[in-house]
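# Structural description and commentary
The residues making up each chain are set out below.
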Amino acid sequence: MTRGLGDAWLSAAAAALLATAPATTAHAQEYPSKPVVIVVPAAAGGPTDTLARNLGVAMGSALGQQMIIDNSGGAGGIIGINKAAKSRPDGYTVLLYHIGMSTAPALYRKLPYDTVNDFEYIGQVADVPMTLVAKKEMSPNSFGEFLAYAKANQSTLTYANAGIGSASYLCGLLFMSTIQADFTTVPYKGTGPAMTDLVGGRVDFMCDQTTNTTPQIKAGTIKVYGVTSKMRVPSLPDVPTLEEEGLKGFALVVWNGLFAPRGTPKAALDRLIGALQTAVTDTAFKTRLADLGAEPVAPGKATPESLRILLKSEIDKWGPIIRKTGVYAD
Ligand code: ASP
């Protein structure tokens, strides 16, 4: 009797399990079933890391999954970009990077990845202006004074950046060629650690994104001489543009895009594109970026096609400008 009841219970339980099994399996396979890694080709604490962490929160809630950051800095971003390009294309690795994707092909004789063809495009993310900043002990108090001082002291002044291929490197390169000066560059794995040294007075100046410099400018731990955008940055209203300061035509805003390794399944890409679309209109994300002088792109730009067109046009734009400077890395 007991045995019979037990059998009946067992078979009922087995039937129930069987009935739910297909649904459970389908649910487990639904993308994303585990955290998605955002490769940041720079050290923690810098501008790309800050953007990635904020983006990860906004996209993660749209995806219903956590997004976690993998900081793979070094070689101006090349190490992290290459790591992302070679990652398993299963939707669980994406790459957040910027203007450096388009300058590296001209700056390096050889890259370990194919910039245009090794990635799937998800969309543009945000635009970030840059600022010319210096250690607070730097004596000049205005851009004009700094310019004269920098030209007179170029053999001793040190300028920090995140390595050849980074936005801070590009800004420095343009600055040096515009004012016809040459400074000793000090490369870091990202401008997060570079900022630590700038605040500590161990390097003299740098040109870095507002997402990294704004908190320090506001805290008065560094000096600021200008912003690189055409218009002043609303969160730094007292800081003039470099163009206003007399550097005619000097405008540089860092675009950022989200990529995935080539071969990432369409279903995963569609979810990621949808989550990016949601993120760029997310109020908390917009507010956080605005506080840091940056702005998410309009949803129309947070698309694969828009990023593909931008990357191609930026490669075409920067190639000749960089080649004119005669700088190459191996
Ligand atoms: N992306 C770099 C970082 O986050 C900075 C740069 O490109 O200059 O540290």
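Let me begin by describing the structure that accompanies this report. Predicted model, so just to flag it, every value in this text is computed and none were measured. (Residues numbered from 1 in each chain as written. Predicted model: local features only at pLDDT ≥ 70, side-chain atom pairs only at ≥ 80, totals over all residues. Heavy atoms only, no water.)

Turning our attention to the packing of aromatic side chains. Enumeration according to the criterion identifies 11 aromatic pairs in this entry. With a centroid separation of 5.5 Å and 25° between ring planes, the pair formed by Tyr 159 and Phe 205 is classed as stacked. Taken together, the residues span a long stretch of sequence, with Tyr 159 in strand S5 (residues 158-161) and Phe 205 in strand S7 (residues 205-209) at a distance of 46 residues. Take Phe 205: its relative accessible area is 2%, and that puts it in the buried class. On the basis of an interplanar angle of 75° and a centroid distance of 6.4 Å, the ring pair of Phe 175 and Phe 205 is categorised as edge-to-face. One end of the pair, Phe 175, is in helix H6 (residues 167-179); the other, Phe 205, is in strand S7, and 30 residues separate them in sequence. (Phe/Tyr/Trp six-rings, centres within 6.5 Å; stacked < 30°, edge-to-face > 60°. Helix = DSSP H or I, 4+ residues; strand = E, 2+ residues; numbered from the N terminus. Buried < 20%, exposed > 50% of the residue type's maximum accessible area, 1.4 Å probe, protein only.)

Neighbouring the ligand are 13 residues; Thr 48, His 98, Ala 167, Ser 168 and Thr 191 lie closest to it. Within the backbone of Ala 167, an N or O atom sits 2.9 Å from an oxygen atom of the ligand. At 2.7 Å from an oxygen atom of the ligand is found a main-chain nitrogen or oxygen belonging to Thr 191. For the ligand, the accessible surface in isolation is 270 Å², of which the surrounding protein chains cover 100%. The residue makeup of the shell around the ligand, split by class, is 5 nonpolar, 8 polar and no charged. (Near = heavy atom within 4 Å. Polar contact = N/O pair within 3.5 Å; in protein donor to acceptor, adjacent residues only side chain to side chain. Areas by Shrake-Rupley, 256 points an atom, 1.4 Å probe, with all protein chains shown as cover. Nonpolar A, V, L, I, M, F, W, Y, C, P; charged D, E, K, R; others polar.)

This model, assessed by the stated rule, comprises 11 salt bridges. Between Arg 262 and Glu 120 there is a salt bridge, with the nearest N and O atoms lying 4.0 Å from each other. With a gap of 142 residues between them, Arg 262 in the loop between strand S9 (253-261) and helix H9 (266-280) and Glu 120 in strand S4 (residues 119-135) connect regions that are remote in the sequence. (Salt bridge = Lys/Arg side-chain N within 4 Å of Asp/Glu carboxyl O.)

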